[in-house]
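Breakdown of the fold
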Protein chains: 2
Amino acid sequence: MHRHTIQHCRTCGVTVDHRVPGDGDTRERAVCPACGTVHYVNPLLVVGTVPYLGDQVLLCKRAIEPRHGKWTLPAGFMELGETMAQGAARETAEEAGAEIEMGAFFSAMSIPRVGQVHVFYLARLLHGRFNPGHESLEARLFTESEVPWNDLAFTTVRETLQRFFADRRRGQFGVHDVDIA
Amino acid sequence: MHRHTIQHCRTCGVTVDHRVPGDGDTRERAVCPACGTVHYVNPLLVVGTVPYLGDQVLLCKRAIEPRHGKWTLPAGFMELGETMAQGAARETAEEAGAEIEMGAFFSAMSIPRVGQVHVFYLARLLHGRFNPGHESLEARLFTESEVPWNDLAFTTVRETLQRFFADRRRGQFGVHDVDIA
C-alpha cells in the first residue's frame, strides 16, 4: 500500500499500538493507548476525465513523479467538499487547462494492490487549445493509433482508453466497472 | 466533515501546523513543522448492495449509530486490499448474513457535505434466509410499497431504492451517478 504507517496518535501525539480494536472490528488498526482514538486508513478515490474532440483524446505528459514523462488522462485525488464530477473537472483544468463540457460517468476501476479506486468521466472538449499546469510537461490530442500505448502512466488509463475507443467504434458508450489485479 | 481534526504528526508526534504546504497545492493541510509530513484527508468510499429476491429488496435495521433503529441497505466503509465489489459483498455478509450472486454496478453517489461517495451494486439473493450480524437488529424483505420510506437511514439508500424500483418497472437497469446536496 502506498500509505505511510501511522506511528503517533493524531489527537494526542502518543505512540499508537497496532491491534484489532475490538467492538466487532476484525482488522488491525492504529489505536491510541492514551485517548483511545482508532485511526482508520481507507482506499483513496482518484477522479479524472477522458477529454475527447472528434476521434481524438487529450493526454498529458507527466511533469511529476510517479511516472515522470509518461502520458496520462487528467486525473488526481478527490478532495473533501467536491463531487466526483467536480473533482474530475478540477483536475482537467489543473493538469491540461482544457475547456470541457462534462459528460457521463464512464469507468470505475478498483486497484486493491495500491488501495485506490480510479473513476473517469467522458468530457467533450470545447476546442483544441490547452494550457497545461505545473504537473504536466505537455498536453495534446491523439487518435487511437497515435496514442503512446507503451508510454502510458497507469494501467487504469490504458484500460479506460481501450474501452473509450471500443465503445466509440460501437457507437454507444457504456459504464465500465473493472478490477485491476 | 465527519472527520477528526489532525492535531499531531502521525510520523513523529509533534503538533502540526494547518497551512497550504506549497509545491503547487492550494489547500490547507496539516503539515508537520518537524519532519515535513503533509497529512492529506480525502473522501471515503462506502460500498454496498441492493439485494433483491423477485420484487422484494433486503433492508437491515441498524443496531449501531448513526441512525440506530433506521433501515438501510447493507453497506460500509471500503477497506484496503479489496475491490469495491468485494467490499460490497463483505458488508452484505457482515450486516445481513445474506447469500448473494453479485450483479452490476448500479449507483455512485457523491455527498460532498460529509466527504463520502456511496457505491451500490445489484445483488441477487439466493434465498430468503438471513443471519444479521451485530450491526443489525433485523434483516427482512420489502416490496416497494412495504419499504419504510420515512424510516430509511440515509439519503443515498432512498435515492438508490427509488432508482432500483423505477428501473425494475422499466425492465432495464441503468447506472446512476447522483450528487447529493
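Our subject in this report is the structure included herewith.

Rules behind the numbers
- Residues numbered from 1 in each chain as written.
- Chains lettered and ligands numbered in written order.
- Predicted model: local features only at pLDDT ≥ 70, side-chain atom pairs only at ≥ 80, totals over all residues.
- Heavy atoms only, no water.
- Contact = heavy atoms within 4.5 Å.
- Buried area = accessible area lost by both parts, 1.4 Å probe.
- Salt bridge = Lys/Arg side-chain N within 4 Å of Asp/Glu carboxyl O.
- Polar contact = N/O pair within 3.5 Å; in protein donor to acceptor, adjacent residues only side chain to side chain.
- Helix = DSSP H or I, 4+ residues; strand = E, 2+ residues; numbered from the N terminus.
- Phe/Tyr/Trp six-rings, centres within 6.5 Å; stacked < 30°, edge-to-face > 60°.
- Buried < 20%, exposed > 50% of the residue type's maximum accessible area, 1.4 Å probe, protein only.
- Pairing = 2+ DSSP bridges.
- Disulfide = S-S within 2.5 Å.
- Expected span 1.5 Å × (residues − 1).
- Core = buried A, V, L, I, M, F, W, Y, C linked by side-chain atoms within 4.5 Å.

Observations regarding the interface of chain A and chain B
With 41 residues of chain A at the interface, the matching set in chain B holds 41 residues. Each partner contributes to the roughly 3600 Å² buried at the junction of chain A and chain B, and carbon and sulfur atoms together form 61% of this total. Considering only the side of chain A, the residues that lose the most area to chain B are Arg-10, Pro-43 and Leu-80 of chain A, jointly responsible for 19% of the buried surface there. Between chain A and chain B we count six salt bridges in total. A salt bridge links Arg-27 of chain A to Glu-79 of chain B, with the shortest nitrogen-to-oxygen separation between them at 3.9 Å. There are 14 residue pairs in polar contact (both at pLDDT 80 or more) connecting chain A and chain B. Looking at the side of chain A that touches chain B, the elements that each hand over two or more residues are β4 (44–53), α1 (84–96), β8 (100–111), β9 (116–125) and β11 (176–179) of chain A.

What to know about the packing of aromatic side chains
Aromatic rings in a pair are described by how distant their centres are and how their planes are angled relative to each other. Residue and element names in this part refer to chain B. For the structure on display, the rule yields 16 aromatic pairs over all chains. When the centroid spacing of 5.5 Å and the interplanar angle of 85 degrees are considered together, the rings of Phe-105 and Tyr-121 count as edge-to-face. Residue Phe-105 is located in strand β8 (residues 100–111), and its partner Tyr-121 is located in strand β9 (residues 116–125); the two are separated by 16 residues in the primary sequence. A centroid spacing of 6.2 Å and a plane angle of 70 degrees characterise the contact between Phe-106 and Phe-173, whose relative ring orientation is edge-to-face. With Phe-106 in strand β8 and Phe-173 in the loop between α2 (155–170) and β11 (176–179), this pair connects stretches of sequence that are 67 residues apart. According to the relative accessible area criterion, Phe-106 is buried, its value standing at 0%.

Some thoughts on the pairing of β8 of chain A
In summary, the side chains of a regular strand alternate between the two faces of the sheet. As paired strands, β8 of chain A and β9 of chain A are joined by nine bridges and run antiparallel to one another. Counterpart to Met-102 of chain A in the pairing with β9 of chain A is Ala-123 of chain A.

Re the state of the cysteines
One way to say it: the disulfide is the covalent bond shared by the sulfur atoms of two cysteines. Residues and elements named next belong to chain A. Enumeration over the complete set of coordinates arrives at zero disulfides over all chains. Its sulfur unpaired, Cys-32 is 3.4 Å from the next cysteine sulfur, which belongs to Cys-12. A disulfide-free cysteine, Cys-35 has its sulfur positioned 3.6 Å from the sulfur of Cys-9, the nearest such atom.

A word on the sheet that holds strand β1 (residues 17–19) of chain B
Through backbone hydrogen bonds, the strands of a sheet pair up, either in parallel or in antiparallel fashion. Residues and elements named next belong to chain B. One open sheet holds the three strands; their spatial order is β1-β2-β3, and the pairing between them is antiparallel. For this open sheet the edge positions go to β1 and β3 (38–39), each flanked by a neighbour on one side alone. With three bridges connecting them, β1 and strand β2 (residues 29–31) associate as antiparallel partners. Opposite Asp-17, over in β2, you have Val-31 as the bridge partner.

Some thoughts on helix α2 (residues 155–170) of chain A
Taking 1.5 Å of rise per residue, 16 residues should cover 22 Å, and α2 of chain A covers 23 Å from first to last C-alpha, within 8% of that figure. Here α2 of chain A has its buried residues at Thr-156, Val-157, Glu-159, Thr-160, Leu-161, Phe-164, Phe-165 and Asp-167 of chain A.

Here we look at the pattern of salt bridges
For the structure on display, the rule yields 24 salt bridges over all chains. Residue Glu-94 of chain A is joined to Arg-90 of chain A by a salt bridge in which the shortest nitrogen-to-oxygen separation is 3.3 Å. Within this pair, Glu-94 of chain A and its partner Arg-90 of chain A are both found in helix α1, separated by four residues, close to a single helical turn. Among the ionic pairs, Arg-163 of chain A bridges to Glu-159 of chain A, the shortest N-O distance being 2.6 Å. In this pair, Arg-163 of chain A and Glu-159 of chain A both sit in helix α2, four residues apart, roughly one turn of the helix. A single network of salt bridges, built from pairs that share partners, joins Asp-25, Arg-27 and Arg-29 of chain A together with Glu-79, Glu-82, Arg-90, Glu-91 and Glu-94 of chain B.

A few points about the nonpolar core
By size, the foremost hydrophobic cluster in this structure holds 22 residues, and its most contacted members are Met-84 and Val-119 of chain A together with Met-84 and Val-119 of chain B. For this core, the elements supplying multiple residues, two or more each, are β4, α1, β8 and β9 of chain A together with β4 (44–53), α1 (84–96), β8 and β9 of chain B. In this structure Val-119 of chain A touches Leu-45, Val-46, Val-47, Gly-48, Met-84, Phe-105, Ser-107 and Ala-108 of chain A, once residues within four positions along its chain are discounted.

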